[in-house]
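What follows is the residue order along each chain.
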Amino acid sequence: MLSSATGRFKTSYAADAAIQRTPLARIAFWGGLVVAFVIAPQVLGNYWLNNLNAIWIAVVGAVGLNILLGYCGQISLGQGAFAMAGAFSVALMYDRFPGLRGSGWELWVTLPTAGAVGALVGAVFGIPSVRVKGLYLAIATLAAHPIMDWTVLHLLPRLTVKGSAASSLPVPRPTLNLGFSSFVIRSDADRYYLFGFLAILGLLFAENLVRTRIGRAWVAIRDNELAAQTVGVNLYTYKLMAFALGAFYAGVSGAMVAYDLRAVTNEAFGVDRSIEFLAMVIIGGLGSIPGPILGSAFIVLVPIVIRDQLVAPLASVVPRIATFYAFVRDIIFGVLIIAFVILEPQGLYSLWRRVKNAFRLWPFSY
Amino acid sequence: MLDENRYWARRVRRLSRRRFLGVAGAGAAAALAACGGGGNPTKSAAPAGGQGGASTKQLSTVAVGGFVDRTGAVANIGNLAGDGAKDWVEYANSVNLGGRKVNWDEFNHNYEVDKAKEGYKKFIEQDKVSAFLSFSTPVTTALAPSADDDKTPMFTPGFGLSDSADGKKFPYVFVGAASYGSQAMALLGYVKDTWKDSSRKPKALYMYYGNDAGREPLDLIKAQAPKLGIDLLSTVEIPATTTDMTEQLADVKSRDPDFLLTHLFGAPPALSMKAAQKVGFPATRMYSFVWGGGQYDFTVAGPASEGYFNLQFTAEPSDNPDAYQRLRDYWKKAGKTEDTKKTGDVYYTRGVFNAAFIVDAIKAAGDKDTLTGDDVKKGLESFKDNKLYGLSPGITLSATDHGGTRKVRLYQVKNGVNTMVKDWFEGPQPS
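A brief look at the structure comes next. Please read all numbers here as calculations on a predicted model, not as lab measurements.

## What about the overall build of chain B?
Phase 1: For chain B, the helix and strand inventory stands at 15 helices and 12 strands.
Phase 2: Put simply, 71% of the contacts in chain B that link residues at least 6 apart link residues at least 24 apart.
Phase 3: As presented, chain B carries roughly 17,100 Å² of accessible surface, and 53% of it is formed by carbon and sulfur atoms.

## Description of the pairing of strand S6 (residues 203-209) of chain B
Residue and element names in this part refer to chain B.
Phase 1: Of all seven residues in S6, six are buried; the element is thus mostly enclosed.
Phase 2: Examined bridge by bridge, S6 and strand S7 (residues 231-238) share seven bridges and lie parallel to one another. Looking at the pairing, Ala204 lines up with Leu232 of S7.
Phase 3: In terms of strand pairing, S6 meets strand S8 (residues 259-263) through five bridges, oriented parallel. Each residue of the ladder has a partner; that of Tyr206, found in S8, is Leu261.

## Focus: the interface of chain A and chain B
Phase 1: Between chain A and chain B, the residue contacts involve 35 residues of the former and 38 residues of the latter.
Phase 2: Carbon and sulfur atoms supply 55% of the area buried between chain A and chain B, which totals about 3,500 Å² over both sides.
Phase 3: Where chain A meets chain B, there are six salt bridges.
Phase 4: Of the charged contacts in the structure, one is a salt bridge between Lys121 of chain B and Asp188 of chain A, with a shortest N-O distance of 2.7 Å.

## Focus: the side chain of Arg215 of chain B
Residue and element names in this part refer to chain B.
Phase 1: With respect to the element layout, Arg215 can be found in helix H7 (residues 212-215).
Phase 2: Exposure remark for Arg215: the relative accessible area of 4% places this residue in the buried category.
Phase 3: Reaching out from Arg215, the side chain makes a polar contact with the backbone oxygen of Gly210 at a distance of 3.2 Å.

## Digging into the nonpolar core
Phase 1: Counting 120 residues, the largest nonpolar core has Trp88, Met207, Leu249, Trp291, Phe357 and Leu380 of chain B as its most contacted members.
Phase 2: By residue number, the principal contributor to this core is helix H14 (residues 346-364) of chain B, which donates 12 residues.
Phase 3: If you look at the next biggest cluster of nonpolar residues, it comprises 104 residues, including Ala114, Leu169, Ala247 and Phe298 of chain A.

## Digging into unusual backbone geometry
Phase 1: At Asp385 of chain B, a position not held by glycine, the phi torsion is positive, near 50°.
Phase 2: Asp385 of chain B sits in the partly exposed class, given a relative accessible area of 42%.

## A short note on helix H6 (residues 134-142) of chain A
Residue and element names in this part refer to chain A.
Phase 1: For H6, the set of buried residues is Leu137, Ala138 and Thr141. Summarising the axial view, the buried residues of H6 lie within an arc of 105°, below the 170-degree limit, and thus occupy one face. Across from the buried face of H6, at angles greater than 90 degrees, the exposed residues are Leu135, Tyr136 and Ile139.
Phase 2: Close packing links the buried residues of H6 with helix H5 (106-126), helix H7 (144-159) and helix H11 (235-261).

## A look at the environment of Gly307 of chain B
Residue and element names in this part refer to chain B.
Phase 1: In this structure, Gly307 sits in the loop between helix H11 (295-301) and strand S10 (309-312).
Phase 2: Look at Gly307 and you get buried, because its relative accessible area is 6%.
Phase 3: It is 34 Å that separates the C-alpha atoms of Gly307 and His109, two residues lying 198 residues apart in sequence.
Phase 4: Each residue touching Gly307, except ones within four places of it in the same chain, is listed here: Ala283, Thr284, Gln412 and Val413.

## Quick look at the packing of helix H3 (residues 46-71) of chain A against H11 of chain A
Residues and elements named next belong to chain A.
Phase 1: Between H3 and H11, the shortest axis-to-axis distance is 6 Å and the interhelical angle comes to 165°. Considered as vectors, H3 and H11 are oriented roughly antiparallel to each other. When you trace H3 past H11, the crossing you get is left-handed. Contacts from Asn50, Asn53, Trp56, Ile57, Val60, Gly61, Val63, Gly64, Ile67 and Leu68 of H3 reach H11 at Ala242, Phe243, Leu245, Gly246, Tyr249, Val252, Ser253, Met256, Val257 and Asp260.
Phase 2: Class assignment for the residues of the contact of H3 with H11 results in 13 nonpolar, six polar and one charged.

Rules used throughout
- The numbering scheme is per chain: residues are counted from 1 as the chain's sequence reads.
- Both sets of labels track the order of writing: A upward for chains, 1 upward for ligands.
- A pLDDT threshold of at least 70 governs which residues receive local features in this predicted model, and a stricter bar of 80 or more applies before side-chain atom pairs are shown or counted, although totals over entire chains, interfaces and linings include all residues.
- Values shown for side chains rest on all heavy atoms present in the structure; no hydrogens or waters enter the calculation.
- For the purposes of this entry, the term helix denotes a DSSP run of H or I that reaches at least four residues, the term strand denotes a run of E that reaches at least two, and both are numbered from the N terminus.
- Only heavy atoms matter for contacts: two residues are in contact if any of them lie within 4.5 Å across the pair.
- The accessible surface values rely on the Shrake-Rupley method and a 1.4 Å probe; as for residues, cover is taken only from the protein chains in view.
- Think of it in three bands: with a 1.4 Å probe and only protein chains considered, a residue is buried below 20% of the maximum accessible area for its type, exposed above 50%, and partly exposed in between.
- Between any two strands, at least two bridges found by DSSP are needed for them to pair.
- Computed with a 1.4 Å rolling probe, the buried area is the accessible surface lost when two parts are put together, summed over both parts.
- Salt bridge, as used here: a side-chain nitrogen of Lys or Arg that lies within 4 Å of a carboxyl oxygen of Asp or Glu.
- Counted as a polar contact is a pair of N or O atoms within 3.5 Å, where, for protein atoms, one must be capable of donating a hydrogen and the other of accepting one, and residues adjacent in sequence contribute only when both atoms are in side chains.
- Here, nonpolar core means buried Ala, Val, Leu, Ile, Met, Phe, Trp, Tyr and Cys residues that are tied together by side-chain atoms lying within 4.5 Å of each other.
- By arc we mean the arc of the directions from the helix axis to the C-beta atoms, nothing more.
- Fitted lines through C-alpha atoms serve as axes, helices being fitted only where they are in contact, and the angles separating the N-to-C directions of these axes extend from 0 to 180 degrees.
- The cut-offs work like this: below 35 degrees is roughly parallel, past 145 is roughly antiparallel, 65 to 115 is roughly perpendicular, and the gaps in between are oblique.
- Handedness of a crossing is defined here by the sense of rotation of the near helix relative to the far one, left-handed for an anticlockwise turn of less than a right angle and right-handed for a clockwise turn.
- Put simply, Ala, Val, Leu, Ile, Met, Phe, Trp, Tyr, Cys and Pro go in the nonpolar bin, Asp, Glu, Lys and Arg in the charged bin, and everything else, Gly too, in the polar bin.

Rendered as structure tokens:
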């Protein structure tokens, strides 16, 4: 049960395509779910629940980018802009359809719509990917940000009921009617459950999708486009599909941001967010499903940990370190990212796999 | 071939993990040591510094959070305002101005909503603040719903949502100084009053920073200008990342407005003055909102700032308000020298204003041992014509009115000195 050191012998197609291949993996998965959703909310305070919420939000967006970059090999710097599209679609729906507020089924409507709007925008900005590759595609998708900024600013007055010029909209607290009970999602813990559910759902969907024909086509495109074409993979369709799905995840991530802040403003979705998503995916490990989780946790928690564990205790010893930290925070962050790319180019996930293998092969080291 | 391998092998070895970490560790240690030495004589406002005054009952320390932007788009304002606030809190703690010790907690959000959310959570959950100072309008918009939820008063003097003057809409947001809407109405009223030519309507043009803060009074200006008989030629948005405004000012010059109302902050105010001089648009026709008129902007623009009008919501340092006198007495007693480059800038004064506002709110909140946000809210709503040691025209707050005051002062740069042109006045109420 504990190891498959002698090889994995599958006797059915289902077992071959399973996500959790050993009993230990199954235990770890369900145990992780129990810890995350039963134990953690009881034990952690609001501060850490809020940090974990930020991680869930980041995970959804990072999984989308991982599909696009890790599995299909298309660099995209537009995840933040697609998230903005999703977030604004949520706010606009509440603005145009006041009947949505307080109805128990609003989440069933707003979340898929946010994803769909994000997917649409993503597909539009994915069109250049047919002709353009690599670095040039990155710059082409970078254009998504100013274009979406301009669109939101100029389209918003026409779309909102009041037609005001402000570029921010409020979002009310969602009400969820599960049939047997209906409650308003109010506190950090409520949001934790909602966001965690969405993140796990997104992860499972992505993990299953990449094991299908579509996933294999993406991997073929990533590895060698010409060879994929000769085998009969329609580049255009699959690349656009990758963009659309990655942007769907980004749209849902944007909707989660909207519900978290309860106000949507285009300042919250700058190029920084896209670059952060990229950093999450690269640091976590491209082309793996646990990679985005590790990368998101790293990117979200490192600044907080540095500030709380390193700077705050030193504040009484070294004067003005808090002010100093404000200036060097981004530098430290960038240095860490560079260090990771140099020392661990395959990401945290490969580090994790090496540790796992070391235990599996012990006492042998090869 | 073999030589090539050896060449690269040697270099790869240099990049070994241990060396890298050793160099990084040494660099970090050096950086830490560097930030320890040097710096101005004012210490950070830890409660340990400064003895408490002769209070009969020692109430427990209250934590107050303050968003201060030392980096980012408005770092020029943030650095000075942060220092001003720190100095005032240090003084206030030494004379027990707030009735209890105030622990001022600074957080830098770099003008970004994400980091602001993180900092807000830190304030509420970890530091357990009883009130906090917001900074930047987009952040205010994003955090206002949360502040209402967590029942913690949020201070937004001179910026933020004009709507938040309504105490019922935003029960925990307090403005305390002229909001953007009040500033806009004051300028429009001034335009209407000073326009003497009866043959035609005055032409105005509104130039604003391309974000929520700049767009905040846009609707109001568009609606009210025709009602006051002002011909609003157009509104020009300045992108946040602009480095040169010659094109926009050339366009403005071609339209030839009589009054150019600018709502810019950060780098753009100085850029606007320099560009205006370049294209030959007189600075005497430029009227800036409150965040475009600090000594920093005048210094950067140089002679191009001559004649530039600007609104202020606090007293200027050159007016020598009571607050400054108190600070100077305190510094003399403590043996510190005043950094006139900092104190001579109105952004520093605004930092002092922010801190004075909060400390007075703490005082008004009463004698309970631990203060909750609701206590501070009640204390604030009891403010009656509080002049904040000469800094404010008089803040009056109530449960329904969180605006405090609509008054502003108009200054103009004459011979390099920002001189008062019109004392506290307010614009007409929007109709």
